[in-house]
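# Close look at the chain arrangement
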Amino acid sequence: MNNSQSLTFSALFALLGLLLPAGLILIAGGGLAGRRPAKSAVAGLGGLALSALAFWICGFGFQMGGVGLVSDLQGLEGLVWEWASPLNLDWGVMGLRGFFLQDEASTPTALSLYLTYLPAVAVAAILPLLSLRERMPGWMAGLAGLMVAALVYPVAGNWFAGGGWLMHIGETLGQGHGFVDFSGISTAAVVGGLAALLGILFFGRRLPPLPEGELPALPPVHLPVLAVVGTMLTLVGTAALFAANPIYLASALSTPRAAVNLMLAAAGGAFMPYLYTWFTTGAADSLMAARGSAAAVLAVAAAGPFLPPWAAALLGAVAGLLVPLTSFLVRYVLRIQDPTGALPVALLGGILGLLGLGIFADGRAGQGWNGIGPESYLGVTGQGVTGLFPAAGLSPDWPGQINAQLIGLAAIAGLTVVLVGILFLLLKVMLLFWQAVPEPEEDEAAA
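Since this is a predicted model, take the numbers as computed values, not measurements.

### Let's talk about the overall build of the protein
- For the protein, the helix and strand inventory stands at 15 helices and four strands.
- Compactness check: the protein gives a C-alpha radius of gyration of 22 Å against a globular reference of 22 Å for 447 residues, within 12% of the reference.
- Across its three principal directions, the C-alpha atoms of the protein cover 75 × 55 × 40 Å.
- For the protein, long-range pairs separated by at least 24 residues make up 79% of all intrachain contacts whose partners lie at least 6 apart in sequence.
- Taking the average place of the 14 positive charges on the side chains of the protein and the average place of its 21 negative ones, the gap between the two points comes to 12 Å.

### A closer look at helix H7 (residues 185-203)
- The terminal C-alpha atoms of H7, which comprises 19 residues, lie 26 Å apart, in line with the 27 Å expected from a rise of 1.5 Å per residue.
- H7 sits mainly inside the fold: 16 of its 19 residues count as buried.

### Notes on the side chain of glutamine 405
- With respect to the helices and strands, glutamine 405 occurs in helix H14 (residues 400-436).
- A residue is classified by how much of its surface remains accessible, and glutamine 405, at 0% relative accessible area, is buried.
- Excluding anything up to four places from it in sequence, glutamine 405 contacts Gly178, Phe179, Val180, Leu354, Leu355, Leu357 and Gly358.

### Details of the packing of aromatic side chains
- Tallied over the entire structure, the rule returns 20 aromatic pairs.
- Taking 6.0 Å as the distance between ring centres and 70 degrees as the angle between the ring planes, the aromatic pair formed by phenylalanine 160 and phenylalanine 179 counts as edge-to-face. Pair noted here: phenylalanine 160 is in helix H5 (residues 138-161) and phenylalanine 179 is in the loop between helix H6 (169-172) and H7, with a separation of 19 residues, a long-range link. The pair phenylalanine 160 / phenylalanine 179 is uniform in exposure class, with both members buried.
- Their ring planes at 35 degrees and their centres at 5.4 Å tell us that tyrosine 248 and tryptophan 369 sit as a pair that is tilted. Here the residue tyrosine 248 occupies a position in helix H9 (residues 246-250), and tryptophan 369 occupies one in the loop between helix H13 (342-360) and strand E3 (376-377), the gap between them amounting to 121 residues.
- In this structure tyrosine 248 comes out as buried when scored by relative accessible area, which is 10%.
- On the accessibility criterion, tryptophan 369 (9% relative accessible area) is buried.

### Comments concerning the environment of glycine 193
- With respect to the secondary-structure elements, glycine 193 resides in helix H7.
- Take glycine 193: its relative accessible area is 0%, and that puts it in the buried class.
- A sequence separation of 158 residues divides glycine 193 from isoleucine 351, and the C-alpha atoms of the two residues are 9.9 Å apart.
- Not counting the four nearest positions on each side in its chain, glycine 193 is found in contact with Leu127, Leu343 and Leu347.

What counts and what doesn't
Residues numbered from 1 in each chain as written. Predicted model: local features only at pLDDT ≥ 70, side-chain atom pairs only at ≥ 80, totals over all residues. Heavy atoms only, no water. Helix = DSSP H or I, 4+ residues; strand = E, 2+ residues; numbered from the N terminus. Rg over C-alpha atoms; globule rule 2.2 N^0.38 Å. Contact = heavy atoms within 4.5 Å. Lys, Arg positive; Asp, Glu negative; His and termini not counted. Charge placed at Lys NZ, Arg CZ, Asp CG, Glu CD. Expected span 1.5 Å × (residues − 1). Buried < 20%, exposed > 50% of the residue type's maximum accessible area, 1.4 Å probe, protein only. Phe/Tyr/Trp six-rings, centres within 6.5 Å; stacked < 30°, edge-to-face > 60°.

Below you can see the structure in the form of structure tokens.
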């Protein structure tokens, strides 16, 4: 298969990857009643359109403007402008080329990268939109999605995939292979989940305490078929993204093991909530199973081919089991209303995936990742990204890789909290001022 054919298949797989955000929209709608699923669908579609435009205008440039500095793939030679320390380009923080997909970003390879990361951008932007659509005016929720799609996720994406500093901490700080997120989806889930949490805290109201004598209940299931179909779409969309990235295709990283890991994780993520809800209530709950499977998919999306299958199944099972437990914590302990499940599904799944890679990666994949150990690593020829449990004959990289994942997670969470927090603070002040201004009819009546 020549380069042109590979890029064509890459683009087709990337378009299939849009099934992932579509699936998350359906899963969110499965737990909503009345006309709320229809409103959720409208918000999700608007978020997808907003993401595509924002990523085209400036997001791609912020994320991939310096990717040519770390990749020698044909077609990326012009994307070499990274805002970084003048003393050391390894501390880059933002790309500065490729806006509007013009000039150096108009090559087939660059356009394929745009399509590859668009689903991740959409996931990050749609999550707060779904959570906040009833808590603030629509244009304010749109501004939140716009900031995430145009700035927050692209900058985070630059740090771990576009030439930024998290790619280089294996060399600069001696931490494993640097921060690793195979698909970018787990990072998107963390960014979107944190943005949703911030919006809920700024614009939501605490739920009243549970009345005395009343027992906690599972979230109501209104459209179970919708949630189950959404789960299948998230699985297919994520699998397509594993085969979409032209950089990974060129380095033979899109292996069948990644697809097997995804399937096992999704199965474990669905099975554990089934068991838990059957054991605690006497009947299996389809919404919890759907959310558990989606959380597992978002978790294993970071690890892709780096995990052995047993670890992927275990990671999925842990994510699935924690979904109903986290849902209880959010609703009945923290008294936070989260009907779309953004926190137990996206935020939890993303965090588990980024940290799970640092623990369970077995070293069989990722040789030379981020320029670390192209010939040998830790004294072993051919060893790749490794955590605490290496494959036979390989050496553990502990705590190097988990340190890299923790540094990356903290940095990306801090970026999200600062930028989105500032926006929500300004919007909150505007909303309070708006509500304080009397209506003209009231003024006339008073006169």
